[in-house]
Amino acid sequence: MRINKSLSGKYLFFVLASSIFISETVIMLFLDQFPDMLKANEALVDATLLIIFNFPALYFFVLRPQKQFNKTLLEAKECLARKNEELEVDSYIKKNQAFESNLRHEQLLYVIDQLAIFSITDTHGNINYVNKRFCEISGYTEEELLGKNHRLVKSDYHPPEFYKILWTTIKSGKVWFGTVCNRAKDGSYYWVQATIVPFMDENNHIERYISMRIDVTKQKELEIEALKAAQIKSDFLSTMSH
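Just so it is clear, the model here is predicted, and its values are computed rather than measured.

Rules behind the numbers
Residues numbered from 1 in each chain as written. Predicted model: local features only at pLDDT ≥ 70, side-chain atom pairs only at ≥ 80, totals over all residues. Heavy atoms only, no water. Pairing = 2+ DSSP bridges. Helix = DSSP H or I, 4+ residues; strand = E, 2+ residues; numbered from the N terminus. Axes fitted to C-alpha atoms, helices over the stretch in contact; angles between N-to-C directions. Buried < 20%, exposed > 50% of the residue type's maximum accessible area, 1.4 Å probe, protein only. Patch = residues over 30% accessible without salt bridge, like charges linked within 9 Å, V, L, I, M, F, W, Y side chains within 5 Å. Areas by Shrake-Rupley, 256 points an atom, 1.4 Å probe, with all protein chains shown as cover. Salt bridge = Lys/Arg side-chain N within 4 Å of Asp/Glu carboxyl O. Contact = heavy atoms within 4.5 Å.

S.K.: Just give me the short version of the sheet that holds strand E5 (residues 206–215), but keep the residues and values in it.
M.R.: Spatially, the five strands line up as an open sheet ordered E2-E1-E5-E4-E3, and their pairing is antiparallel. Every interior strand has two partners, whereas the edge strands, strand E2 (127–130) and strand E3 (176–183), have only one. With direction set aside, neighbouring strand axes in the sheet form an average angle of 30°. As paired elements, E3 and strand E4 (residues 189–200) share eight bridges and run antiparallel to each other.

S.K.: Quick rundown of the pairing of strand E1 (residues 117–121)? Include the residues and the values.
M.R.: Along E1, five of the five residues are buried, which leaves the element largely enclosed by surrounding structure. The pairing of E1 with E2 spans three bridges and is antiparallel. The partner of Ser119 across the bridge, within E2, is Val130. The loop that links E1 with its antiparallel partner E2 comprises five residues; one of these, Gly125, has a positive phi angle of about 90°.

S.K.: Break down a nonpolar patch on the surface for me, citing the residues and quoting the values.
M.R.: A cluster of nonpolar residues, Tyr110, Val111 and Leu115, forms a patch on the protein surface that exposes about 330 Å² of accessible area. You can see Tyr110 is positioned in helix H3 (residues 42–115).

S.K.: Summarise the environment of His205; cite the residues concerned and give the values.
M.R.: As for its placement among the helices and strands, His205 is situated in the loop between E4 and E5. Along the sequence, His205 and Gly173 sit 32 residues apart, while their C-alpha atoms lie 8.8 Å from each other. Ignoring sequence-local partners within four residues, the contact set of His205 consists of Phe199 and Met200.

Here it is in structure tokens:
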């Protein structure tokens, strides 16, 4: 709120000086007409009349502007206090929203950590982030994985064409789904149902890939065993038919 400036000091001094001069002149003229008893107390009468004559000027040019100034100043302080209170409330709401957002984010990461094998890579496949489940299933520590290329866990199970299709899909900005056989640090194989999602920057360029995988090793091993059993049975029947 804007506060009006008070009268300038020079103007106020001129008004008061003029008022006092005029009052003194009037008092001197009237004192000559007063009885001798009043003249005996000339100083007291002079002071009383000086106050009476100068009170209107004092009120209109000093007391009233000062009262209005104080009122305006009080309104400005109250307005400022209200704005500060609104800012504090707004700041509290924003902090509370940020806290709730961070809490939801942490809860989501916790759920992901419990259920999925999670990793983030740059556009070249270099690992920037892995969760606990990734480390557990691959046998590598976080320090051993960060900065390394995802080829570190690549197995020789799939043909080159498999990975060519995978990279062509995600480089075009599309999501890739599939079942992948990876190799752990100890040389063992594990199977995952994978989803790889490209994430874009503000210029709509791919800046990273986020991968979520579910361990399906047991299911895949059972499937492979079933296929082997079916093949053995087929071979046996074929032999018997001859």
